[in-house]
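# Commentary on secondary and tertiary structure
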Amino acid sequence: MNVNDEKITKALGKKHAVTLLETTETPKTVDEIVTKADIPKATCYRRIEELRNLGLLKETDEKTIVDTMGTRKTYIRCIDEIKITFDSSTAEITTLREE
C-alpha cells in the first residue's frame, strides 16, 4: 500500500467521510451537505478539505446564490467507486473516477 492509499484509507475511516461523499453525487453547498447528511458544520469543512486534498472531492465552477450576502461554493465527489484489493502481502486501492 502506498502513502496515498494509506491516507485515503484513513480519511474514509473518519466519521462522516463516506456520508459526505454519498451526499455529493450532485453539487452541494456546505449548508446543503450539513442538512442532508446531518454532519456538524466544522466537521464538514474538515472532511471537505481532507477529501479535496486526496482528489476524492472537488469544488465545482457552479456557485449557488443563497441570499443577499452572496454566493456559496458547491462541492461534488470526483469518484464513483473505491475498490480495496487484498493479496497475501499488500492492499491496493483503486478509484474509478468520474469523467
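As shown above, the structure is provided for reference.
Residues numbered from 1 in each chain as written. Predicted model: local features only at pLDDT ≥ 70, side-chain atom pairs only at ≥ 80, totals over all residues. Heavy atoms only, no water.

## Overview of helix H1 (residues 3–13)
To keep things clear, this is the line we draw: Burial classes follow relative accessibility: with a 1.4 Å probe on protein chains only, a residue under 20% of its type's maximum area counts as buried, one over 50% as exposed, and anything between as partly exposed. Only DSSP runs of H or I covering at least 4 residues are called helices, and only runs of E covering at least 2 are called strands; the numbering of each starts at the N terminus. The arc in question is the one spanned by the directions pointing from the helix axis to the C-beta atoms.
Turning to H1, its buried residues number three or more, namely Asp 5, Ile 8, Ala 11 and Leu 12. One side of H1 holds all its buried residues, which, seen down the axis, span an arc of 130 degrees. Every exposed residue of H1 that faces more than 90 degrees away from the buried side is listed here: Val 3, Lys 10 and Gly 13.

## Here's the deal with the nonpolar core
Heads up, the rule is: The criterion is simple. A nonpolar core is a set of buried Ala, Val, Leu, Ile, Met, Phe, Trp, Tyr and Cys residues joined through side-chain atoms within 4.5 Å. Contact criterion: two residues are considered in contact whenever any of their non-hydrogen atoms come within 4.5 Å of each other.
Formed by 19 residues in total, the largest nonpolar core has its most connected members in Leu 20, Leu 21, Cys 44, Ile 48, Leu 51, Leu 56 and Leu 57. At the level of elements, H1, helix H2 (17–23), helix H3 (30–37) and helix H4 (41–53) are the ones that each hand at least two residues to this core. Among residues more than four places away in sequence, those in contact with Leu 51 are Ala 11, Ala 17, Leu 20, Leu 21, Leu 56 and Leu 57.

Limitation: the analysis is restricted to geometry and does not speak to function.
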